[in-house]
Amino acid sequence: DIDLEGFGNELGGGAFLKAMTKGAFDYFAQLGDGKKYTLTHAPQMPYFWHGVLYTELMADRTYFDMIDFLNVQFYNQIPFPTDDYVYFKDIYAPAVNSPTSIATIAQTVSNASVGTISVAEAQSKILLGFPCKDGSFPVNGGNLNMCGKSQFDLVKYGVENLKFQLAGVFEWSARDLTDADLLNWNTE
């Protein structure tokens, strides 16, 4: 898992991410040990803004195919007015070029790929990332910062009510939770 933090939207960032992704991919491929390795990235949501960094990385079919999942961090950033904003609605106007929902991130990647990556393909690699203990994930006036019913309800709402094709979820800082708590959360 490549978790690049504090990098910002620097113009050379996309090339750097491509080189790092290829380096990891090639390293695992040359091991020849018959194992299947999973290559993931954990970008903060703003790293898709303005068409650089992760938009640039994921819009290039060569690198898109090397990456199994994007654990997009939807926490410690902006407040989401309702659950719908996590999945389909954006906080910012389209002219700002700063997607803030899973659907728009996938659409942005597809658009930047100029037809080589479909929206469905992009969306199939995006996991909804949130904190499992502590942090901040403000949605609908609450803080969904603990693995539990409120986060489960958000996922269930997106999948069942909105019929959103969510690839999965990713949570962080779970090490302080008991095995029983994690088992219960992951089972749900």
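Residues numbered from 1 in each chain as written. Predicted model: local features only at pLDDT ≥ 70, side-chain atom pairs only at ≥ 80, totals over all residues. Heavy atoms only, no water.

Colleague: So what exactly am I meant to see when it comes to the side chain of Gln 73 here?
Modeller: Mapping Gln 73 onto the fold places it in strand 2 (residues 69-73). The residues contacting Gln 73, other than those within four sequence positions of it, are Asp 3, Glu 5, Ala 42, Pro 43, Gln 44, Met 45 and Gly 129. (Helix = DSSP H or I, 4+ residues; strand = E, 2+ residues; numbered from the N terminus. Contact = heavy atoms within 4.5 Å.)

Colleague: Mind showing me how you'd approach a nonpolar patch on the surface here?
Modeller: A surface patch of nonpolar side chains, about 210 Å² in accessible area, is lined by Ile 91, Tyr 92 and Val 96. With respect to the secondary-structure elements, Val 96 resides in the loop between helix 4 (83-87) and helix 5 (102-112). (Patch = residues over 30% accessible without salt bridge, like charges linked within 9 Å, V, L, I, M, F, W, Y side chains within 5 Å. Areas by Shrake-Rupley, 256 points an atom, 1.4 Å probe, with all protein chains shown as cover. Salt bridge = Lys/Arg side-chain N within 4 Å of Asp/Glu carboxyl O.)

Colleague: Explanation requested: the sheet that holds strand 6 (residues 169-172) in the structure shown.
Modeller: Either a parallel or an antiparallel arrangement is found when strands of a sheet pair, and the pairing is made through backbone hydrogen bonds. Read from one edge to the other, the open sheet built from four strands follows the order 1-2-3-6, with strand pairing classed as parallel. Because the sheet does not close on itself, it has two edges, and the strands there are strand 1 (40-41) and strand 6. Where strand 2 meets strand 3 (residues 126-131), four bridges bridge the pair, whose relative direction is parallel. Looking at the pairing, Asn 71 lines up with Leu 127 of strand 3. (Pairing = 2+ DSSP bridges.)

Colleague: What is the right way to read the layout of surface pockets from this model?
Modeller: Where empty space is left can be seen by rolling a probe of water-molecule size over the atoms. Its boundaries defined by the atoms lining it, the largest pocket holds a volume of some 160 Å³. Lining the largest pocket we find 14 residues, and of these Phe 25, Phe 28, Ala 29, Lys 36 and Tyr 37 sit closest to its centre. Of the residues belonging to the lining of the largest pocket, the class tally is seven nonpolar, two polar and five charged. (1 Å grid on protein atoms, 1.4 Å probe; cavity = no way out; pocket = protein on both sides within 12 Å on 5 of 7 lines; lining within 4 Å. Points joined across faces, edges and corners; volume = space filled by probe spheres on them. Nonpolar A, V, L, I, M, F, W, Y, C, P; charged D, E, K, R; others polar.)

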